[in-house]
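What the coordinates show
What follows is each chain in one-letter form.
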Amino acid sequence: MTAKTAAAAARAIVYGYPRQGQNRELKKAVEGYWKNRVGADALRETAAELRRETWQQLAGAGVHEVPTGDFSYYDHVLDTSVMVGAIPGRHREAVDADALDGYFAMARGTQDVAPLEMTKWFDTNYHYLVPELGPDTEFTAESAKQVAEFQEALALGLTPRPVLVGPVTYLLLAKPAPGVAPDFEPLTLLDRLLPVYAEVLADLRAAGAGWVQLDEPALVQDRTPAELNAAARAYRELGGLADRPQLLVASYFGRLGEALAVLAKAPVDGLALDFTESGAGNLDDLAAAGGLPGKRLVAGVVNGRNIWINDYEKSLATLGTLLGLADRVDVSASCSLLHVPLDADAEHDIDPRIARWLAFAKQKTEEIVVLARGLGAGTDTIAAELAANRADLASRTDAALTRDPAVRARTAAVTDADGRRSQPYPERAAAQRAHLGLPPLPTTTIGSFPQTTELRTARADLRAGRIDEAGYEERIKDEIREVLSFQEKAGLDVLVHGEPERNDMVQYFAERLTGYLATQHGWVQSYGTRYVRPPVLAGDISRPEPMTVRWTTYAQSLTARPVKGMLTGPVTMLAWSFVRDDQPLGDTARQVALALRDEVNDLEAGGTSVIQVDEPALRETLPLRAAEHAAYLEWATESFRLATSGVRPGTQIHTHMCYAEFGDIVQAIDDLDADVISLEAARSHMQVAGELAAHGYPREAGPGVYDIHSPRIPSTEEAAALLRRGLEAIPATRLWVNPDCGLKTRGWPETRASLENLVAAAREVRAELPTEAV
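The structure contained in this document is the topic of the report that follows. Every chain is numbered on its own, with residues counted from 1 as its sequence reads. Reporting in this predicted model follows two pLDDT cut-offs: at least 70 for local features of residues, and 80 or more for side-chain atom pairs to be given and counted; totals over whole chains, interfaces and linings ignore these cut-offs and use all residues. Side-chain measures here rest on the full set of heavy atoms in the structure, leaving out hydrogens and waters.

Some points on the packing of aromatic side chains
Centre distance and the angle of the planes are the two values used to describe a pair of aromatic rings. Using the following cut-off: Ring geometry is summarised as follows: Phe, Tyr and Trp rings, the Trp one being its six-membered ring, pair when their centres sit within 6.5 Å, and such pairs are stacked at plane angles under 30 degrees, edge-to-face over 60 and tilted between the two. Counting from the N terminus, the helices are DSSP H or I runs at least four residues long and the strands are E runs at least two residues long. Here, over-ring charges are defined by two tests on the NZ atom of lysine or the CZ atom of arginine: distance to the ring centre within 6 Å, and angle to the ring normal within 35 degrees.
Counted according to the given criterion, the structure contains 16 aromatic pairs. Ring geometry for Phe449 versus Phe486: centroids 6.3 Å apart, planes at 70°, classification edge-to-face. With Phe449 in the loop between helix H18 (425-436) and helix H19 (453-464) and Phe486 in helix H20 (residues 469-490), the pair connects residues that are 37 residues apart, well separated along the chain. Taken together, a centroid distance of 5.6 Å and an interplanar angle of 85° make the contact between Phe486 and Trp748 edge-to-face. On the criterion of sequence distance, the pair formed by Phe486 in helix H20 and Trp748 in helix H29 (residues 748-768) is long-range, its members being 262 residues apart. Against the face of Trp523 rests Arg24, its NZ or CZ located 3.7 Å from the ring centre. Its end group placed over the ring of Trp34, Arg108 keeps NZ or CZ at 3.6 Å from the ring centre.

Structure, rendered in structure tokens:
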């Protein structure tokens, strides 16, 4: 096919779309089902209606093939485990009794059965449920969901394209099941899994599917020759099936690298590649490989992970270069639009000048359609769109509100000494122990306590003018008193004020820093029914006034026990925001760090002796390729130290991380130079404690003994068993006892019982310690 013919055939493609609905209808329906307020049939109808609305909107906008199968009640990787019959033994009875309840039991656990482990989806803030596999795992095909959703879209007169997690990525994301040797490699099950995928593909073909998309984002990471050979074998076998739909293998989140040649040679019908900034190398690699003769290329030229408008001229230049490298070139976003909010037009409170710069899922779909039209019919057909796009891009470049000379001058004046504590850790630790007087195995929580209906109502009443500021503050004070009273009675050693005044750990601070703006409807799924509204980081960052000092010092005035000041770290402030793309991330992180440094110093001056600066996003933001790790970790750890190094030796700095793989960043954790780190460990059975010990981590650590992402109440015996396992790796003089994460999403009854059991477990294990440890 000639370049001219390839251009004429250009179509608009979307890999996947947000699931929640404009008003988070799915969240409300699922949580209503959990609370027995919504029946199973009503939940299914809500889900079906959301799917219909999405598909019809996409088709109406000009998208040629609508994605099906990407919709999920909780998580698409969990859906894949169901599709291939990889149900853990402990969940089998629940699944057999009721498929929907069993599905949610795998996601959330029950009082008697632990859920699947949860971790971050590559370098995003989305969490997936980790498949548990072993040498005895037997796969069976269950394609009912995929076929049914395909048929739903087909019945609407649309052209559906089913989307599946690819078999190689599925196995590379999996972990050995509990009781399986830790060196077991799930990828060894590939030959057992491929016939199941073949059966699912045959079922979809029988239902009428012309194309099926197989997502293989794991192939943009560094892969061994054995893993690349496995990918080649997988697609040689699936591509060689006699009765199958056409196969589109999709990669995203970066450069495909060595795997490009593997997939280009495979007998599949198309490849989808990321051509945004994170995957710009794909263009050179594709040209060097001689293109994709005989194949369809789906070009991801619209950034699917950020919210800034596309540069049409730049994207069209890339698309023009791609013509001639494939039999057909279609246009898409760089990845599923799951990672951005639904509709920027719903944001009525954003400065109209800034609103021109924003593109959410709906607007990105429109951008894809415009680019496909321009590629296929010529740029004259989109002349008006090109002119408007140029004007919008220029207005952002020239906007004074994006640059603050004072902030830039302060950032430029930072020295290496600003990022170092005045004394090394051993001397600080001695000063902190003398000052705080904590027992061995000190107990604490991560920061937040349940956000009750009453608290949310109070915030809504304040916004609506039903109560004044004074009335709202009295309600916050009441909540702080209640939270502190409970912690004291429960016997916790280091307390928190519970964060009742905070809506979100990033948004709260973003609303108090210059350079940020908040959305009203910009919800993005983090996991399950947990949705967040990432703020938009549009300009230079500074702190006009203290943000947390008042409430922290108030809480400390109510108790003789230490109360932690709670802040969100600079890397997480970037990672969980839609960050500006017009300067290096390290420069933006340094600006945020300096604003937080002012807050840390003011907390200390106000009498706060323990300050926690959370960095749960440190691992998730790690680049997917090892060659890029060092540069990222250099600015990431530097920004944390810059935020925390201005305090006295006796002030104890904590940090917190959760739901990620920590083994490959232990050195970076060490480089943060925090005095105490708390980490998720309950679902992963204290794995991180061993990783810290293997590294020789010299500071204090609190691997969690209470999984807060499940409604289960861990017993004293369960928490004590985890704590004893932690003591096998970390000495009692350096081991803390805490939950995995904050308690914001939990209810008060389970929180009380769980923390009481946690404290009882600490006391029980403390009593077992040798005298010298006490």
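Once the structure has been displayed, the description carries forward.
What about the sheet that holds strand E18 (residues 652-657)?
For clarity, the threshold we go by: At least two DSSP bridges between two strands are needed for those strands to be called paired. All axes here are fitted lines through C-alpha atoms, helices being fitted over the stretch that makes contact, and every angle between N-to-C directions spans 0 to 180 degrees.
Judged by pairing direction, the sheet is parallel, and its 5 strands sit side by side in the order E16-E17-E18-E19-E20 without closing on themselves. Where the open sheet ends on each side, the last strands, each with one partner, are strand E16 (564-568) and strand E20 (700-703). In this sheet, adjacent strand axes meet at a mean angle of 20° when their direction is disregarded. Bridge count for E16 against strand E17 (residues 610-614) is 5 bridges, and the pairing is parallel. Within E17, the position partnered with Met566 by the bridge is Gln612.

A few points about the pairing of strand E19 (residues 676-679)
Here is the rule we go by: Using a 1.4 Å probe on the protein chains alone, a residue whose accessible area is under 20% of its type maximum counts as buried, one over 50% counts as exposed, and one in between counts as partly exposed.
Judged by which residues are buried, E19 turns out to be covered on both faces: Val676 and Ser678 on one side and Ile677 and Leu679 on the other are all buried. Here E18 pairs with E19 via 4 bridges, running parallel. When the bridges of E19 are listed, Met657 appears paired with Leu679. Summarising the sheet, E19 and E20 pair through 4 bridges and their orientation is parallel. Of the residues in E20, the one forming a bridge with Ile677 is Ala701.

Brief notes about the nonpolar core
Worth spelling out the cut-off: We define a nonpolar core as any set of buried Ala, Val, Leu, Ile, Met, Phe, Trp, Tyr and Cys residues linked to one another through side-chain atoms lying within 4.5 Å. We call two residues contacting when some pair of their heavy atoms lies within 4.5 Å.
Core analysis: the largest hydrophobic core is formed by 122 residues, its most contacted members being Tyr170, Tyr235 and Leu319. In terms of residue count, helix H9 (residues 190-207) provides more of this core than any other element does, 10 residues in total. Beyond its immediate sequence surroundings of up to four residues, Tyr235 is in contact with Gly166, Pro167, Val168, Leu214, Glu216, Gly240, Val249, Leu263, Ala266, Pro267 and Val268. Counting 98 residues, the second largest nonpolar core, distinct from the first, contains Val592, Ala593, Val613 and Ile730.

Things to note about the state of the cysteines
Working definition of a disulfide: a covalent bond connecting the sulfur atoms of two cysteines. Rules: Cysteine sulfur atoms that pair up within 2.5 Å are treated as a disulfide.
Tallying each qualifying case throughout the model produces 0 disulfides. Just so you know, Cys741 is unpaired, no disulfide at all, and the nearest cysteine sulfur is the one on Cys658, 3.6 Å from it.

Some words on H29
Selection criterion: By definition here, a helix of n residues has an expected span of 1.5 Å times n minus one. Note: the arc covers the axis-to-C-beta directions of the helix.
With 21 residues, H29 ought to run about 30 Å at 1.5 Å a step, and its terminal C-alpha atoms sit 30 Å apart, in line with that. Those residues of H29 that fall on the buried side of the exposure criterion are Trp748, Glu750, Thr751, Ser754, Leu755, Leu758, Val759, Ala761, Ala762, Val765 and Arg766. Looking straight down H29, one finds its buried side chains confined to an arc of 160°; they lie on one side. Exposed residues pointing more than 90 degrees away from the buried face of H29 are listed as Pro749 and Ala767. Taken together, the buried residues of H29 touch H20 and helix H28 (716-727).

A look at the packing of helix H7 (residues 144-155) against H9
Relative orientation and spacing of two packed helices are given, respectively, by the angle between their axes and the distance between those axes. Note the following rule: When an angle is under 35 degrees it counts as roughly parallel; over 145 it counts as roughly antiparallel; between 65 and 115 it counts as roughly perpendicular; any other value is oblique. Note on convention: the crossing is left-handed when the near helix lies turned anticlockwise from the far helix by less than a right angle, right-handed when the turn is clockwise.
Relative to each other, H7 and H9 sit at 20°, their axes nearing to 10 Å. When the interaxial angle is binned, H7 and H9 end up roughly parallel. The interaxial crossing formed by H7 with H9 has right-handed handedness. Side by side, H7 and H9 meet where Gln146, Val147, Phe150, Gln151 and Leu154 of the first sit next to Asp203, Leu204 and Ala207 of the second.

Some remarks on the pattern of salt bridges
The line we're drawing: We define a salt bridge as a side-chain nitrogen of Lys or Arg found within 4 Å of a carboxyl oxygen belonging to Asp or Glu.
For the structure shown, the criterion picks out 61 salt bridges. For Arg590, the salt bridge is made with Glu638, and the minimal N-O distance between the two is 3.0 Å. A residue pair is termed long-range when its members are at least 10 positions apart, and Arg590 in helix H24 (residues 585-605) and Glu638 in helix H25 (residues 629-644) qualify at 48 residues. Beyond isolated ion pairs, a larger network of salt bridges with shared partners links Arg421, Arg428, Asp670, Asp673, Asp675 and Arg699.

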